[in-house]
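Here are the chains, one letter per residue:
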Amino acid sequence: MENKSSQQQKTLAERDHAVIWHPFTQMKTSGLPIAIARGEGARLYDEEGNEYIDAIASWWMNSHGHAHPYLAKKLAEQANTLEHAIFANFTHRPAVELAERLLEKLPENQARVFYSDNGSTSVEVGLKMCFQYWHNIGNPKTKIIAFKDAYHGDTFGAMSVGGRSAFTEPFAPFLFDVEFIDTPVAGKEELCIQQFEELIKDGDVAGFVFEPLILGAGGMLMYSTTVLEQLLGLCRKNNVVSIADEVMVGFGRTGKFFATDHISQKPDIFCLSKGLTGGTMALGVTTCTKDIFNAFYSDNKYKTLFHGHSCTGNPLACSVALASLDLFDKNETWDNILRITNKHKIFSEEIENNRLVGNLRQRGVILAFDIVIGSEVSYFNNIRDYVWEFFVRQKIILRPLGNTVYIFPPYCITDEELEKVYRAIKQLLTNIEVDHKQF
Ligand SMILES: Cc1ncc(COP(=O)(O)O)c(C=O)c1O
């Protein structure tokens, strides 16, 4: 252990490097992290005072801007009242009010709210509700369908229903079997539906878990409302429990409150997190229909949903989620979502004919394209590091997924900030033209 005075001579980033293990980071080659001191609006400021535009909303979390004064005020009020209380046999106002307000926003078929801590756990709970539903009604089913490119989180259940890749390889023996179907991106819709129909025909499928309209970590892959409508229609007809993972796409990202608001079929289970608290605190929510809840509601103790986390229903997280919903009730938030959506459309026209830009796609505030340079498309491609380093030098946080560049801003981002991001992307494309031989 180093003594206190030698620690004080080091920068915060150096001290971090000595003691912290960061997520999704190869610690040997990643270099020193950027130490963030504070945030305001769409900007983050480091310890040296450099400002960065957070163009990916800090891993798709932030909705209304960093250190939002209203969210901070509500959080502080709650911290001075009740920071936490056990959530079995006890309850509190923030949890009850949040559940009521979420159910008002969700489709009418949603009847119950179960709290957890993050996106992965919201999916774990969704899967458990689905499997135990079949178990409790005396018709146990274990088959689950998911998209090949899906990402639902990093806990074992969530990993199991995610696409298999280098990320999951070390854990492959521990993941349960899942029936993977092709992601229905343009041109693959029919194939996906055929695979789905084939799998469900024997009536032994418990559930279908999916990211509605956009698969995030899989590469911001987008698919149509028509095919989602068809898939959920098949679920309904064939008694397959549908589990919508709205962790990334919920809370306005696609232009509507929930991504599944774009279609008429309604999922049986919703998984929510990230934008749920405006990205301010860790909170997960899983909601379900009355039918599913009723399969657990019994005099038989063995039918209980045996799941819970110490921090379940945390009052601080629930309060800040309520405050975030207040902001979503304001026209200003939706005007901003529309403004960003329209600006993205104009920018898309500027780059759509660039020969390095492939599969340009947009839904709501999410704009993505692939850099086409002829080399292998992979998360581990060195184009990824080139792009990341380029944007850091420009003081813009745009963390590509392999060769996929995407913008996913907080709704408060200004026109000027967006213009800066667009200019940087155009500059990146010019630089790649010059440097492309190194990839
Ligand atoms: C669609 C989706 N589901 C689940 C998760 C997991 O959420 P968390 O990182 O909060 O566990 C993510 C995270 O990015 C996600 O994008």
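Residues numbered from 1 in each chain as written. Predicted model: local features only at pLDDT ≥ 70, side-chain atom pairs only at ≥ 80, totals over all residues. Heavy atoms only, no water.

As for its placement among the helices and strands, Arg384 is situated in helix H13 (residues 382–393). Judged by its relative accessible area of 8%, Arg384 falls in the buried class. Considered as a pair, Arg384 and Val405 are 21 residues apart in the sequence and their alpha carbons are 8.9 Å apart. Looking at Arg384, its side chain comes within polar contact range of the side chain of Asp385, at 3.1 Å. (Helix = DSSP H or I, 4+ residues; strand = E, 2+ residues; numbered from the N terminus. Buried < 20%, exposed > 50% of the residue type's maximum accessible area, 1.4 Å probe, protein only. Polar contact = N/O pair within 3.5 Å; in protein donor to acceptor, adjacent residues only side chain to side chain.)

Our next topic: the side chain of Lys343. With respect to the helices, strands and loops of the structure, Lys343 is situated in helix H12 (residues 331–351). Contact partners of Lys343, with chain neighbours within four places excluded, come to Asp415, Leu418, Glu419 and Tyr422. (Contact = heavy atoms within 4.5 Å.)

What follows concerns the pattern of salt bridges. According to the stated counting rule, one finds 20 salt bridges in the structure shown. Linking Arg361 and Asp370 is a salt bridge whose minimum nitrogen-to-oxygen distance equals 3.1 Å. Among the charged side chains, a network of salt bridges with common partners joins Arg101, Lys105, Asp326 and Asp329. (Salt bridge = Lys/Arg side-chain N within 4 Å of Asp/Glu carboxyl O.)

Residue position: Val125 is located in helix H6 (residues 119–136). Given the relative accessible area of 1%, Val125 is considered buried. Along the primary structure Val125 and Ile269 are separated by 144 residues, whereas in three dimensions their C-alpha atoms are 9.8 Å apart.

Next up on the list: the domain arrangement of the chain. Under the domain assignment, the chain is made up of domain 1 (34–67 + 330–438) and domain 2 (71–328). Put simply, the middle of domain 1 and the middle of domain 2, counted by C-alpha atoms, are 27 Å apart. In this assembly, 26 residues from domain 1 lie in contact with 32 residues from domain 2. In this assembly, domain 1 packs against domain 2 so that about 2500 Å² is buried in total across both faces, 65% of it on carbon and sulfur atoms. When residues of domain 1 are sorted by the area they lose upon contact with domain 2, Trp60, Trp334 and Arg363 head the list and together hold 29% of the total. (Domains from an automatic or database assignment. Buried area = accessible area lost by both parts, 1.4 Å probe.)

What follows concerns the site of the ligand. In the region of the ligand, the neighbouring residues are Trp60, Asn118, Gly119, Ser120, Tyr151, His152, Gly153, Glu211, Asp245, Val247, Met248 and Lys274. Contacts to the ligand include Asn118, whose side-chain N or O atom sits 3.3 Å from an oxygen atom. A distance of 2.9 Å separates an oxygen atom of the ligand from a polar backbone atom of Gly119. About the coverage of the ligand: the protein hides 84% of its 390 Å² of free accessible area. Classifying every residue of the shell around the ligand by side-chain character gives 4 nonpolar, 5 polar and 3 charged. (Near = heavy atom within 4 Å. Areas by Shrake-Rupley, 256 points an atom, 1.4 Å probe, with all protein chains shown as cover. Nonpolar A, V, L, I, M, F, W, Y, C, P; charged D, E, K, R; others polar.)

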